[in-house]
Protein chains: 2
Amino acid sequence: MNLKDAFLGLDNYFSPRIIGEVNDQYIKVVKIKGQEVPWHHHEHEDELFYVVKGTLLMEIEDQPDQLLKKGDLFVVKKGKNHRVSSKRECLIMLIESKTTEHTGKLN
Amino acid sequence: MNLKDAFLGLDNYFSPRIIGEVNDQYIKVVKIKGQEVPWHHHEHEDELFYVVKGTLLMEIEDQPDQLLKKGDLFVVKKGKNHRVSSKRECLIMLIESKTTEHTGKLN
């Protein structure tokens, strides 16, 4: 499967689509535009972000902001408060445990 | 981290480098050229392949060959005999369980 094609027909922002799985992890794609995701964390689970298109602002508590660009890979470690946003539409692949809830625990 | 940059200084083919982890999975990068990997399988573990550059021939027992191109994502399910090769150099990201051995069980 071509990763870009996995976004076809995905119309809503912040609405991840599961496109596959590897072991106990889901592979998801999500379109992001704006800032609808509140600060949150996943108590027991890391979360991998891979930028397929566009630019993602990754804010993490007690760490410098990360401006992730196309081709960038970033793992938010479990327990870390974070939020993501993008001024323009960006396309992201996520890899996270099947047990992970979308916005985890709010702060 | 930019995924392409993760290959810098990786000189040897078929010699994966661990570049990160997400939950119980390693994120690895590997350069492939030629056909040095024998048919093998991983009894209990899936293996994700993502083509960063070039073209990868994925052969899987009892399935059509897959010619994976840049931007293609493919998961080899546990227990499936497979082998990979490439006529020209290609760059691959792997995601696999930390317990996975490089060429698993030979056939």
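Residues numbered from 1 in each chain as written. Chains lettered and ligands numbered in written order. Predicted model: local features only at pLDDT ≥ 70, side-chain atom pairs only at ≥ 80, totals over all residues.

*Asks:* Run through the overall build of chain A, naming residues and quoting values.
*Replies:* Looking only at helices and strands, one finds zero helices and nine strands in chain A. A compact globule built from 107 residues would reach a C-alpha radius of gyration of about 13 Å, and chain A, at 13 Å, matches this within 12%. Across its three principal directions, the C-alpha atoms of chain A cover 35 × 30 × 20 Å. In chain A, buried positions account for 36% of the 107 residues. Partitioning the contacts of chain A with sequence separation of at least 6, the portion at a separation of at least 24 is 64%. (Helix = DSSP H or I, 4+ residues; strand = E, 2+ residues; numbered from the N terminus. Rg over C-alpha atoms; globule rule 2.2 N^0.38 Å. Buried ≥ 20, exposed ≤ 12 C-beta atoms within 10 Å, placed from the backbone. Contact = placed C-beta atoms within 7 Å.)

*Asks:* Please give an account of the interface of chain A and chain B that cites residues and values.
*Replies:* At the interface, 18 residues of chain A touch 18 residues of chain B. Secondary structure elements with two or more residues in the side of chain A that touches chain B: β1 (17-22), β7 (73-76) and β8 (82-97) of chain A. Of the residues that constitute the side of chain A that touches chain B, the class distribution is seven nonpolar, six polar and five charged. (Nonpolar A, V, L, I, M, F, W, Y, C, P; charged D, E, K, R; others polar.)

*Asks:* A description of the pairing of strand β4 (residues 47-53) of chain B should follow, citing residues and the corresponding values.
*Replies:* All names here are of chain B. Summarising burial for β4: five of the seven residues are buried, a large majority. Two strands pair when backbone bridges link them, and β4 and strand β7 (residues 73-76) are joined in this way by four bridges, in the antiparallel orientation. Bridge pairing links F49 to F74 in β7. Looking at chain direction, β4 and strand β8 (residues 82-97) are connected through six bridges and run antiparallel. (Pairing = 2+ DSSP bridges.)

*Asks:* I'd like a description of the confidence of the model for chain A, backed by residues and values.
*Replies:* With 98% of its residues at a pLDDT of 70 or more, chain A has an overall mean of 94. The ipTM for the predicted assembly is 0.91, set against a pTM of 0.93. (pLDDT = per-residue confidence, 0-100.)

*Asks:* Break down the nonpolar core for me, with residues and values.
*Replies:* One finds F49(A), L56(A), I92(A), F49(B), L56(B) and I92(B) to be the most contacted residues of the largest nonpolar core, which totals 48 residues. Apart from residues lying up to four places away in sequence, L56(B) is in contact with I32(B), F49(B), V51(B), L68(B), V84(B), S86(B), C90(B) and I92(B). (Core = buried A, V, L, I, M, F, W, Y, C linked by C-beta atoms within 7 Å.)

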